[in-house]
Number of protein chains: 2
Amino acid sequence: MDLSNYFTKSDLIPAIIQDEKTGEVLMLAYMNQESLKKTIETGYTWFYSRSRKSLWRKGETSGNFQKVIRITPDCDDDALLISVIQTGVACHTGNMSCFYRKGKVMDNG
Amino acid sequence: MDLSNYFTKSDLIPAIIQDEKTGEVLMLAYMNQESLKKTIETGYTWFYSRSRKSLWRKGETSGNFQKVIRITPDCDDDALLISVIQTGVACHTGNMSCFYRKGKVMDNG
């Protein structure tokens, strides 16, 4: 499968991780072409760390892996939506989602 | 409200737009500090176009505005999750979501 068309504008694209069962958005991380390839091959998420400048397998230290159900590109092929089955929690803070400070910037809900 | 802490690593941050009622992820776009400020002030989404290098108000040409219910930062303040009430559809293709090619890259669902 040719994945290069997702990396024509940038070496990194944002991947939105969504819980397959609840629809909750769990986190956003970045993928380069190699991490997307590894994700497809292994069936578990791999990302690219901008700070460490290296690939990382989600859950490698925490054990909180993400089994991939579906990867969907957006209309112009520069973002990915990834549905997963999350083991444990997604956030390093111990919260299920990295977006746990609900409405912190604005809240009209 | 000081918004500068969301733009310390980069001038642009990704904003995930999610349908408040259905939980469907509608699109991903980028915000700079000015577009986030306008979004909060007006209650409707404004983004920054990387290709046109300018602010744009979502729905300005299509009429498909996004009323903002909630803006939530992620754990390290470099991505935003925005819950909206979408007028019409979110995608310029006429689809509700920009992620309409469900499972195109991978599908084990």
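### Description of the relation of the copies chain B and chain A
With an RMSD of 0.0 Å, the operation that places chain B on chain A is a rotation of 180 degrees combined with a shift of 0.0 Å along the axis. Taken together, the rotation angle and the small translation identify this as a two-fold axis. Relative to the rotation axis, the C-alpha of Gly-23 of chain B is the closest in chain B, positioned 3.0 Å from it. Most of the interface of chain B is mirrored in chain A: 100% of its interface residues are interface residues there too.

### Observations concerning the packing of aromatic side chains
Per the counting criterion, the structure on display carries 4 aromatic pairs over all chains. Aromatic side chains Phe-47 of chain A and Trp-56 of chain A sit 5.3 Å apart centroid to centroid with 45 degrees between the ring planes, which places their arrangement in the tilted category. Taking relative accessible area as the criterion, Trp-56 of chain A reaches 23% and is therefore assigned partly exposed. Between the aromatic rings of Tyr-44 of chain B and Phe-65 of chain B, the centroid separation amounts to 6.3 Å while the plane-to-plane angle is 80 degrees, which identifies the pairing as edge-to-face. Taken together, the residues span a long stretch of sequence, with Tyr-44 of chain B in the loop between helix 1 (33–42) and strand 3 (46–49) and Phe-65 of chain B in the loop between strand 4 (54–57) and strand 5 (66–73) at a distance of 21 residues. By relative accessible area, which is 23% here, Phe-65 of chain B ends up partly exposed. In this structure, Arg-101 of chain A is placed above the aromatic ring of Tyr-100 of chain A, and the distance from its NZ or CZ to the ring centre is 5.8 Å. The ring centre of Trp-46 of chain B lies 4.6 Å from the NZ or CZ of Lys-38 of chain B, which sits over that ring.

Rules and cut-offs
Residues numbered from 1 in each chain as written. Chains lettered and ligands numbered in written order. Predicted model: local features only at pLDDT ≥ 70, side-chain atom pairs only at ≥ 80, totals over all residues. Heavy atoms only, no water. Least-squares fit on C-alpha atoms with pLDDT ≥ 70 in both. Contact = heavy atoms within 4.5 Å. Phe/Tyr/Trp six-rings, centres within 6.5 Å; stacked < 30°, edge-to-face > 60°. Buried < 20%, exposed > 50% of the residue type's maximum accessible area, 1.4 Å probe, protein only. Helix = DSSP H or I, 4+ residues; strand = E, 2+ residues; numbered from the N terminus. Lys NZ or Arg CZ within 6 Å of the ring centre and 35° of its normal.

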